[in-house]
Amino acid sequence: MASDASAPVPVPAAAGQPVPKRRGSYNCGRCGLPKKGHVCSIPGPASASANGGGGGAKAGEPPQPPPQQQNKPRRALQFDDPAVKVEEEEEEEAVVVVVDAVPVSMAPPQPQPPLPPPALAAGRKRPRVEVVHVDEEEVGEGEEEEDSGPGWVDLGAGRRAPGEVLVEVLRRMAPRGVAAAAGVSRGWRECARRVWRGAEEVRLRANSVRPVGALMARCPALARLVLRMDSDVDATMLACIAFSCPNLQSLDISMANNAVNRISGDELSRFVSEKRSLSVLKLDSCSSLGFLNVSSSSLSTLWLSGLCSLTKAVMNCPNLNELSLDFPKQNNDSTDLVALMDSLGRTCPNLRNMHVSSIRLCNEAVFALESANLRGLCMLSLVLGSKITDAAVASIVRSYASLELLDLSGSSITDNGLGMICNAFPDTLTRLLMALCPNITSSGVQVAAAQLPLLRLIDCGKSICAKPQPEDGRSYFGDLTGGIKFCSKLPIQKKQQPNYQKLIIKHSHLKKLSLWGCSAIDALYVNCPELVDLNLNSCTNLHPERLLIQCPKLKDVHVNGCRDMLIGAIRSQVLNEFAAAELRLPCKRLADGSKRVHVPHFMMEQLEEPEKWGRPRKSQCTVHLN
């Protein structure tokens, strides 16, 4: 009975009183965060008993039981500092915390996540929210993928391939094909993006500035750009390239479909001076420049074609190595080439390769180039200068001692000039071009081939041309006014025979020989064991019986415009038809094995079967008729 009396008896709740909660709150009363796995860092106020203000309870309130210390179970993942945890335990032993006594607004400010809305704090189910930083994650994710590679990419029909293989395939495609491949799938797009990001050279044909700018924005590592433009080009293109390609090293812009280059000299000068890393610049159709003022310490190669009437030409490029200036063939050009040549030596001392094409070239321009003191020049090309004579050749011989290429096509030099060239450069000259030089003969070409042992290329096209001999004035005796006088005979309307020439070329290192348009050659003998290319286009007076080609390594022979008999003779020699027929003539040993004799002709038909002779031997040489 005592045990029954001591047991607590449940008392029913009075009517109208709220039913007390049997479970505690899910949120912390100090910071408002969920209690699950939460350790609050905000201390609560001390109770009255702890402060020493009388241990009794307030009037009208039931006495509270003394707080009992509870050892909470430690979480599985606990990253708190042990020293801090010991201090918190000591503080909990001395202080009794009242959870609901301090509102959240009274807590000291701490760096913490934002509080949930009131509706969620009341007990509703909180939705799942994910915060994404697009820019940072895209950059980080792209770097991770770039480090680890694109992985495997679906090719369709259940087939897959490594991303590295697909990237290598896309690198060998045109820009249009790479852009189309990016629309296949996400893996293909990632591979195309890697191709653009790693591209160092792009060759593109465009019709406006817009596709060029869109493409260059994808290529941060672009160093070499080759553009073929179908529309007009102005300063907008240069500004787009300067903004999108900060590390550009080579720029090549050419025109197509009658497009016009509207870049002025001021715009070009500003572009070159701002691009500190630019080393190669090639521009086509530069007729709108007006003047040329290029100043750069990094520029090493400068090609400008289509120049016209330059009022000023200054190039302050101390590291310029190669220069090419191409002027039009019209007579309306007013560029002062003498002043231009004179300034090159002072502003471009390291020039090694030089090409100038203009009909205004003359001996004075070559003399001015001599005063420029370009001792390191290795290639000199002065084309279409019909006023250049042997005097200019003498100046070239005095100025340069190590020329490897000399191009005087279109000049008026003679065999004496060729002789000076042979005496000056026997140990260095490898390429000699003298096309469209009407004053040289086959004798001068033979002397050049004999005295220049290092030659690899000879071009004398359209130089040895047939010229009809002037008809001598004929006289006869006549009786006029009672006396005998000599009277000139009327010219006979009769075609005169031109002066034909023969040419003998025997060289041990020559690889290319060009005789196109040499209509005065009627006999030709070529003995060059290293020759691979022979140009005989429009050699109309060359006789088949006077042709002998002994070049075992010959690969290409150009015979456009030649007669059919000459083409047949060339085929028979270079394709070894006669030699092949002799080699295919069968032989047979006698019964005693003493010697070999030819098979009689009546047995040829039986022996010439495909299964016995196999495939006929093909020659490596090709005869080009077009």
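Procedures and definitions
Residues numbered from 1 in each chain as written. Predicted model: local features only at pLDDT ≥ 70, side-chain atom pairs only at ≥ 80, totals over all residues. Heavy atoms only, no water. Helix = DSSP H or I, 4+ residues; strand = E, 2+ residues; numbered from the N terminus. Contact = heavy atoms within 4.5 Å. Areas by Shrake-Rupley, 256 points an atom, 1.4 Å probe, with all protein chains shown as cover. Pairing = 2+ DSSP bridges. Axes fitted to C-alpha atoms, helices over the stretch in contact; angles between N-to-C directions. Buried < 20%, exposed > 50% of the residue type's maximum accessible area, 1.4 Å probe, protein only. Salt bridge = Lys/Arg side-chain N within 4 Å of Asp/Glu carboxyl O. Phe/Tyr/Trp six-rings, centres within 6.5 Å; stacked < 30°, edge-to-face > 60°. Lys NZ or Arg CZ within 6 Å of the ring centre and 35° of its normal. Core = buried A, V, L, I, M, F, W, Y, C linked by side-chain atoms within 4.5 Å. Lys, Arg positive; Asp, Glu negative; His and termini not counted. Polar contact = N/O pair within 3.5 Å; in protein donor to acceptor, adjacent residues only side chain to side chain. pLDDT = per-residue confidence, 0-100. Arc of directions from axis to C-beta.

In the nomenclature of an unreviewed UniProt entry, the chain is known as F-box domain-containing protein of Urochloa decumbens.

With that out of the way, let us pick up the overall build of the chain. The secondary structure content of the chain amounts to 20 helices and 26 strands. For the chain, the proportion of contacts with a sequence separation of at least 24, taken over those separated by at least 6, is 56%. Carbon and sulfur atoms form 53% of the exposed surface of the chain, whose accessible area is close to 39,100 Å².

Attention now moves to the sheet that holds strand β20 (residues 521–527). Strand order in the open sheet made by the three strands is β18-β20-β22, with parallel pairing throughout. One side of each edge strand has no neighbouring strand; the edge strands of this open sheet are β18 (501–506) and β22 (547–550). On average, each strand axis in the sheet is inclined to that of its neighbour by 15°, with strand direction left out of account. Here β20 pairs with β22 via four bridges, running parallel. Across the sheet, Val526 pairs through a bridge with Ile549, a residue of β22.

Tracing the chain through its elements places Ala339 in helix α12 (residues 337–347). Separated by 27 residues in the primary sequence, Ala339 and Lys312 place their C-alpha atoms 9.1 Å from one another.

The α-helix winds at 3.6 residues per turn, so residues separated by three or four positions along the chain end up facing the same way. Regarding helix α13 (residues 363–371), the residues found buried are Asn363, Ala365, Val366, Ala368 and Leu369. Residue Asn373 follows α13 closely and has a positive phi angle near 60°.

The subject of this paragraph is the environment of Gly568. Residue placement: Gly568 occurs in helix α17 (residues 564–574). The class of Gly568 is partly exposed, set by a relative accessible area of 37%. Between the C-alpha atom of Gly568 and that of Pro544, which follows or precedes it by 24 residues, the distance is 8.3 Å.

Counted according to the given criterion, the structure contains 13 salt bridges. Of the charged contacts in the structure, one is a salt bridge between Glu201 and Arg224, with a shortest N-O distance of 3.2 Å. Of this pair, Glu201 sits in strand β3 (residues 201–206) while Arg224 sits in strand β4 (residues 224–229), and the two are 23 residues apart along the sequence. Under the relative-accessibility criterion, Glu201 is labelled partly exposed at 36%.

Here we come to unusual backbone geometry. Of note, the phi angle at Lys462 is positive, near 60°, even though the residue is not glycine. Relative to the helices and strands, Lys462 resides in the loop between β15 (457–459) and β16 (475–480). Judged by its relative accessible area of 41%, Lys462 is partly exposed. Even without glycine at this site, Ser538 takes up a positive phi of about 60°. As for its position among the elements, Ser538 is in the loop between β21 (533–535) and β22. Look at Ser538 and you get partly exposed, because its relative accessible area is 36%.

A full pass over the atoms with the stated rule returns zero aromatic pairs. The ring centre of Trp303 lies 3.9 Å from the NZ or CZ of Lys282, which sits over that ring.

This brings us to the nonpolar core. One finds Ile241, Met315 and Met341 to be the most contacted residues of the largest nonpolar core, which totals 132 residues. For this core, the leading source of residues is helix α8 (residues 186–198), giving five residues. Contact partners of Met315, with chain neighbours within four places excluded, come to Leu292, Val294, Leu302, Leu323, Leu325, Leu340, Leu344, Thr347 and Cys348.

As a further point, take the side chain of Asp333. Of note, Asp333 is situated in the loop between β10 (322–326) and α12. Buried charged residue Asp333 carries no salt bridge. Nearest counter-charge: Arg360, at 5.1 Å. Among the polar contacts listed, one links the side chain of Asp333 to the side chain of Thr335, at a separation of 2.9 Å. Apart from residues lying up to four places away in sequence, Asp333 is in contact with Cys308, Ser309, Phe327, Ser358 and Arg360.

Moving on, we get to the confidence of the model for the chain. Taken as a whole, the chain shows an average pLDDT of 76; of its residues, 67% reach a score of 70 or greater. Taken as a whole, residues 1–9 scores under 50 in pLDDT and shows zero contacts with residues more than four places along the chain or in a different chain. Under a pLDDT of 50 for its full length, residues 601–616 has, in the predicted model, eleven contacts with residues more than four places off or in other chains.

Turning our attention to helix α10 (residues 235–244). Along α10, the residues classified as buried are Met237, Leu238, Cys240, Ile241 and Ser244. Projected onto a plane normal to the axis of α10, the buried residues spread over an arc of 160° and lie on a single side. On its buried side, α10 packs onto α9 (209–216), β4, β5 (250–255) and α11 (265–274).

Only one face of strand β7 (residues 292–295) is covered, namely the face carrying Leu292 and Val294; the face carrying Asn293 and Ser295 is uncovered. Where β7 lies against strand β9 (residues 313–316), four bridges are found, and the strand directions are parallel. In the strand pairing of β9, Asn293 is matched with Val314.

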